[in-house]
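Topology and contacts: notes
What follows is the residue order along each chain.
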Amino acid sequence: MTLTGPGRPRVRQSTRPGATAREEILDAAAELFTTQGYATTSTRAIAEAVGMRQSSLYHHFATKDDILEVLLAGTLTEGLAFARAVSAGGSAADDVSPASRLYAVALFDGSHLCSGRWNIGILYHLPEARDPRFTQFLADRDELRRLYRSLGAAAVSAGLWPGDTRQHGELAFRLVESLVSLRVDGQITPSSAQDVADAALALCGFGGELPTVRDDGLALITALGRVLPAGPSSPGGPLVVG
């Protein structure tokens, strides 16, 4: 038996990644929620997966919903922050074409959905995720969607049909989220995020300009101080972009 802190003995030593007990709890919950289901996973099961007592878990999270709230937020944090930075403009973004800005957001956002040990994006579809207590998550996801739509409208002046000016960005947003389903089916590869970003821009009419759009998008990611994360199909290495 080991200790997680004063008066909080562990049943056994955890082998989960994480510098803190809180991070280990989140990892265990992410695994159980995505593989066993949210409704059927108890806080006791999460605690046992970490190797701690259920009472010790409550020191970090009062309810199972609190854990879900943190996991849901984590799927959006990086992508939304980057989309905001790109949309806000500034010297780095202003020198890049609207198409490359959309590409950069799609690639960066998609890379984060492809990375991580567990496919947390599937939790979007939980009925529980529509509960009013997750209002902030729902608002953040809607903001990200609106930023995609705005970037798409800037990249393509003509609509997909008469009167439409924003569906190109909506299309890119939906294609990026399709990476969640690809992970469910075991179809993710190291190049999946790039493939989806390429497809989104090709469907927006930039197929013939993809090499330039891609290069400028990657340069924008770097200029804004971001690095594409490693994906689950390439442990320890970068996602393939080329």
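The coordinates are above.
What comes next is a walk through the structure. (Residues numbered from 1 in each chain as written. Predicted model: local features only at pLDDT ≥ 70, side-chain atom pairs only at ≥ 80, totals over all residues. Heavy atoms only, no water.)

Turning to the overall build of the protein chain, a few remarks are in order. Regarding its fold elements, the protein chain presents 11 helices and two strands. Expressed as a percentage of the 242 residues in the protein chain, the buried residues total 46%. Summarising the internal contacts of the protein chain: among those between residues at least 6 apart in sequence, 68% fall at separations of at least 24. Of the roughly 11200 Å² of accessible surface on the protein chain, 54% is carried by carbon and sulfur atoms. (Helix = DSSP H or I, 4+ residues; strand = E, 2+ residues; numbered from the N terminus. Buried < 20%, exposed > 50% of the residue type's maximum accessible area, 1.4 Å probe, protein only. Contact = heavy atoms within 4.5 Å. Areas by Shrake-Rupley, 256 points an atom, 1.4 Å probe, with all protein chains shown as cover.)

Take the nonpolar core next. Counting 67 residues, the largest nonpolar core has Phe 33, Ile 46, Ile 67, Leu 71, Tyr 148 and Leu 201 as the members making the most contacts within it. Residue contributions to this core peak at 10 residues, all from helix H7 (residues 98-114). Aside from chain neighbours lying at most four places away, what touches Ile 67 is Ile 25, Leu 26, Ala 29, Phe 33, Ile 46, Leu 57 and Phe 61. (Core = buried A, V, L, I, M, F, W, Y, C linked by side-chain atoms within 4.5 Å.)

What follows covers the side chain of Gln 54. Mapped onto the elements, Gln 54 comes out in helix H3 (residues 54-57). Among the polar contacts listed, one links the side chain of Gln 54 to the side chain of Arg 44, at a separation of 3.2 Å. Within the local environment of Gln 54, its side chain forms a polar contact with the side chain of Tyr 58, the two groups lying 3.2 Å apart. If we skip the residues at most four places from it in the chain, Gln 54 touches Thr 43, Arg 44 and Ala 47. (Polar contact = N/O pair within 3.5 Å; in protein donor to acceptor, adjacent residues only side chain to side chain.)

Moving on to the packing of H7 against helix H10 (residues 192-206). As a packed pair, H7 and H10 sit with axes 8 Å apart at the nearest point and diverge in direction by 150°. The pairing of H7 with H10 is recorded here as roughly antiparallel in orientation. Between H7 and H10 lies a crossing whose hand is right-handed. Packed against H7, whose contacting residues are Ala 99, Leu 102, Tyr 103, Ala 106, Leu 107, Gly 110, Ser 111 and Cys 114, the element H10 presents Ser 192, Ala 193, Gln 194, Ala 197, Asp 198, Leu 201, Cys 204 and Phe 206 at the interface. (Axes fitted to C-alpha atoms, helices over the stretch in contact; angles between N-to-C directions. Parallel < 35°, antiparallel > 145°, perpendicular 65-115°, else oblique. Left-handed = near helix turned anticlockwise from the far one by under 90°.)

Taken N-terminus to C-terminus, the directions of H10 and helix H11 (residues 210-223) make an angle of 125°; their axes are 11 Å apart at the nearest point. One element, H10, and the other, H11, form an angle in the oblique class. Handedness of the H10/H11 crossing: right-handed. Residues Gln 194, Asp 198, Leu 201 and Phe 206 of H10 form the contact with H11, whose own contacting residues are Leu 210, Val 213 and Arg 214. Class assignment for the residues of the contact of H10 with H11 results in four nonpolar, one polar and two charged. (Nonpolar A, V, L, I, M, F, W, Y, C, P; charged D, E, K, R; others polar.)

Time to look at the packing of aromatic side chains. Under the defined criterion, the tally for this structure stands at four aromatic pairs. Seen from their ring centres, Phe 33 and Tyr 38 are 4.8 Å apart, and the 70° between their planes marks the pair as edge-to-face. Taken as a pair, Phe 33 and Tyr 38 share a single burial class, namely buried. For the ring pair Tyr 124 and Phe 137, a centre distance of 5.5 Å and an interplane angle of 45° mean the geometry is tilted. Highlighted residues: Tyr 124 in the loop between H7 and helix H8 (135-155) and Phe 137 in helix H8, separated in sequence by 13 residues. (Phe/Tyr/Trp six-rings, centres within 6.5 Å; stacked < 30°, edge-to-face > 60°.)

Between the first and last C-alpha of H8 there are 30 Å, a value that for 21 residues agrees with the 30 Å anticipated at 1.5 Å per step. Tucked into the core, H8 has its buried residues touching helix H4 (64-74), helix H5 (77-88), H7, helix H9 (167-184) and H10. (Expected span 1.5 Å × (residues − 1).)

For the rest of this paragraph, the subject is the pattern of salt bridges. Within the structure shown, the criterion is met by 11 salt bridges. Here Glu 69 makes a salt bridge to Arg 133, at a shortest N to O gap of 2.7 Å. Taken together, the residues span a long stretch of sequence, with Glu 69 in helix H4 and Arg 133 in the loop between H7 and H8 at a distance of 64 residues. Judged by relative accessible area, Glu 69 falls into the partly exposed class, the value being 30%. Linking Arg 146 and Asp 142 is a salt bridge whose minimum nitrogen-to-oxygen distance equals 3.2 Å. One end of the pair is Arg 146 and the other is Asp 142, both in helix H8 and four residues apart, which spans about a single turn. Exposure remark for Arg 146: the relative accessible area of 45% places this residue in the partly exposed category. What makes Asp 142 partly exposed here is its relative accessible area of 33%. (Salt bridge = Lys/Arg side-chain N within 4 Å of Asp/Glu carboxyl O.)

Right, let's talk about the environment of Leu 80 for a bit. With respect to the secondary-structure elements, Leu 80 resides in helix H5. Judged by its relative accessible area of 4%, Leu 80 is buried. For Leu 80 and Leu 144, which are 64 residues apart along the polypeptide, the C-alpha to C-alpha distance reads 5.6 Å. Setting aside residues no more than four positions away along its own chain, Leu 80 makes contact with Asp 140, Glu 143, Leu 144 and Leu 147.

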